[in-house]
Amino acid sequence: ICKLVFSFDWFRLFSTVLQVIKVYSEDNTSRAVEVPSDITARDICQLFILKNHCIDDHSWTLFEQIPHLSIERTIEDHESVIEVQSGWGMDSHCCLYFRKNYAKYEFFKKPLDFFPEHMVSISSETNGIMNHSQLIQTFLSSSSCPEIHGFLHAKEHGRKSWKKFYFVLRRSGLYFSNKGTSKEPRHLQFIAEFSDSDVYTLLSGKKVYGAPTDYGFCVKVIQCRDFQPLSVFRLQSVLTFCTDFIISLTVILNYTGLQQSRSVLPMRSISENSLVAMDFSGHKTRVIENPSEALSVAVEEGLSWRRKSCHRLSSHGSPSTSQSSMSSIAIHVAQPWFHSKLSRDEAQKLITQQGLIDGVFLVRDSQSNPRTFVLSLCHTQKIKHFQIVPVEENGELFYSLDDGHTRFTDLLQLVEFYQLNRGVLPCKLKHHCARITL
């Protein structure tokens, strides 16, 4: 009897500790996994990185999406996933998404990009002796907070129209001025404190909320540690904003509310640090210590692999244009940066979701011209589209971004070139948009 009671107690313990969560990918495939109740968002990301054999480049992110409000947010690495789920109502249809977000740690890598100089004021705590760069570094390394100010469009619950106000963000919270750009205490009205709020991005601000700009965010107030069910939440404690600039205010606002539990820049793993280049061509293997030699060997191996792939797909002798084209297609369709029938709008949405930072890109089929391709690239938080034109010469097919001045035998060679050289592009290709199926 004692043994049976003991076993039942352990079963009850594990049944309460382990819980099932369901996570979606961008193609809306999902996977249910059993996890401990104290698991964090970072743990979930690591779990799916291992299960799907992804490269851990510290960009994989877990998102909380609330479809009926058309909003989503990045779940911070340290947050409890089960605690996030506990705030969902039974009929809310909230869900978790696992996807890349290259802007995840940009706030810590390039903090000055998030603080335009004309929007930052030195607070009285600094005695006015710091320049712009010093001010931001002080903000990141201490409890002090620069004052951020500017215009935002705001919409109150139950109102259809948006109004433009002058807002001030301080460590104590977000305020708006009821008299122009005045910062006098009697003119500043308190809006929200971020230590007890979550900041979400609007997914379809113009369509759902009638927002006057493309970028928008909202502040959802957490009334207590136990969330109110979203099925009865009905926006009564959601403040919605939109702005003319795309710099991620959601990152700044979340950081302002979480200064006591700062995130740390990700470190390279032990396995990454232990990777070395090896030469197996001779009788004895050797470690390639010269970085230039290691790079040239890697490039040569890649070219050799490409030549072998083309040879397998073409017949003996000189390949025809159609055979060369088939070889090129066979190479690029398997690349993670190629997204085939993606439309222009879908490409912009995918790049926006995965982070509006310089160098995020994808390659897709052109919808207007079936024989061409399009390179979609993010630069200065704007997405630009470049047509990749096929160029035929002496029976051979090449691809070019600059009207034939620089030619490549296939799209893989083109992408690899622009990853190393800017060429005619505004920046190098750095991060490709990738989709996975869970």
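Shown above is the structure to which this text applies.
Residues numbered from 1 in each chain as written. Predicted model: local features only at pLDDT ≥ 70, side-chain atom pairs only at ≥ 80, totals over all residues. Heavy atoms only, no water.

Asker: Teacher, can you tell me more about the pattern of salt bridges here?
Answerer: For side chains of opposite charge, pairing can occur when their charged atoms come near one another. In this structure the tally under the stated criterion is 12 salt bridges. Across the pair K100 and D57 runs a salt bridge whose closest N-O atoms are separated by 2.7 Å. Separated by 43 residues along the polypeptide, K100 in strand 5 (residues 95–100) and D57 in the loop between helix 2 (41–51) and strand 3 (60–66) bring together distant segments of the chain. Note on K100: relative accessible area 4%, which makes it buried. One salt bridge connects K104 with D77, and the closest N-O pair in it is separated by 3.0 Å. Taken together, the positions of K104 in the loop between strand 5 and helix 4 (106–109) and D77 in the loop between strand 4 (71–74) and helix 3 (81–85) put the pair 27 residues apart, joining distant regions of the chain. Each member of the pair, K104 together with D77, is buried. Among the ionic contacts, a cluster of salt bridges with common partners joins E64, R73, E79 and D198. (Salt bridge = Lys/Arg side-chain N within 4 Å of Asp/Glu carboxyl O. Helix = DSSP H or I, 4+ residues; strand = E, 2+ residues; numbered from the N terminus. Buried < 20%, exposed > 50% of the residue type's maximum accessible area, 1.4 Å probe, protein only.)

Asker: Hey, could you run me through helix 11 (residues 344–353) in this one?
Answerer: What sets the pattern is the α-helix's 3.6 residues per turn: residues three or four places apart point alike. Of the positions making up helix 11, those classed as buried are A347, L350 and I351. Buried residues of helix 11, seen end-on, are gathered within an arc of 95° and therefore sit on one face of the element. Residues of helix 11 that are exposed and angled more than 90 degrees away from the buried face: D345 and K349. In the core, the buried residues of helix 11 are packed alongside strand 16 (360–365), strand 17 (373–379) and strand 18 (382–393). At the C-terminal side of helix 11, G355 shows a positive phi close to 115°. (Arc of directions from axis to C-beta. Contact = heavy atoms within 4.5 Å.)

Asker: Help me understand the pairing of strand 18 in this model?
Answerer: A regular strand places its side chains so that they alternate between the two faces of the sheet. Taken together, the 7 bridges between strand 17 and strand 18 define a ladder with antiparallel strand orientation. Opposite F373, over in strand 18, you have I388 as the bridge partner. As consecutive antiparallel partners, strand 17 and strand 18 are separated by 2 residues, and within that stretch T380 has a phi angle of approximately 50°, a positive value. As defined by bridge partners, strand 18 adjoins strand 19 (residues 396–400) across 5 bridges and the pair is classed as antiparallel. Residue pairing across strands places E392 opposite L397, the latter belonging to strand 19. (Pairing = 2+ DSSP bridges.)

Asker: How should a nonpolar patch on the surface be read in this particular structure?
Answerer: A contiguous nonpolar surface patch, about 290 Å² in accessible area, is contributed by M278, F280 and V287. On the secondary structure map, F280 appears in the loop between strand 14 (278–279) and strand 15 (286–287). A residue is classified by how much of its surface remains accessible, and F280, at 60% relative accessible area, is exposed. (Patch = residues over 30% accessible without salt bridge, like charges linked within 9 Å, V, L, I, M, F, W, Y side chains within 5 Å. Areas by Shrake-Rupley, 256 points an atom, 1.4 Å probe, with all protein chains shown as cover.)

Asker: Sorry, what's going on with the packing of aromatic side chains here?
Answerer: In the structure shown here, the tally under the stated rule is 13 aromatic pairs. Here the aromatic rings of F48 and F98 are separated by 5.5 Å at their centres, their planes lie at 35°, and the arrangement is tilted. With F48 in helix 2 and F98 in strand 5, this residue pair connects regions lying 50 residues apart in the sequence. The burial state of F48 is the same as that of F98; both residues are buried. Through pairs of rings, three or more aromatic residues link up here, namely F48, W60 and F98. (Phe/Tyr/Trp six-rings, centres within 6.5 Å; stacked < 30°, edge-to-face > 60°.)

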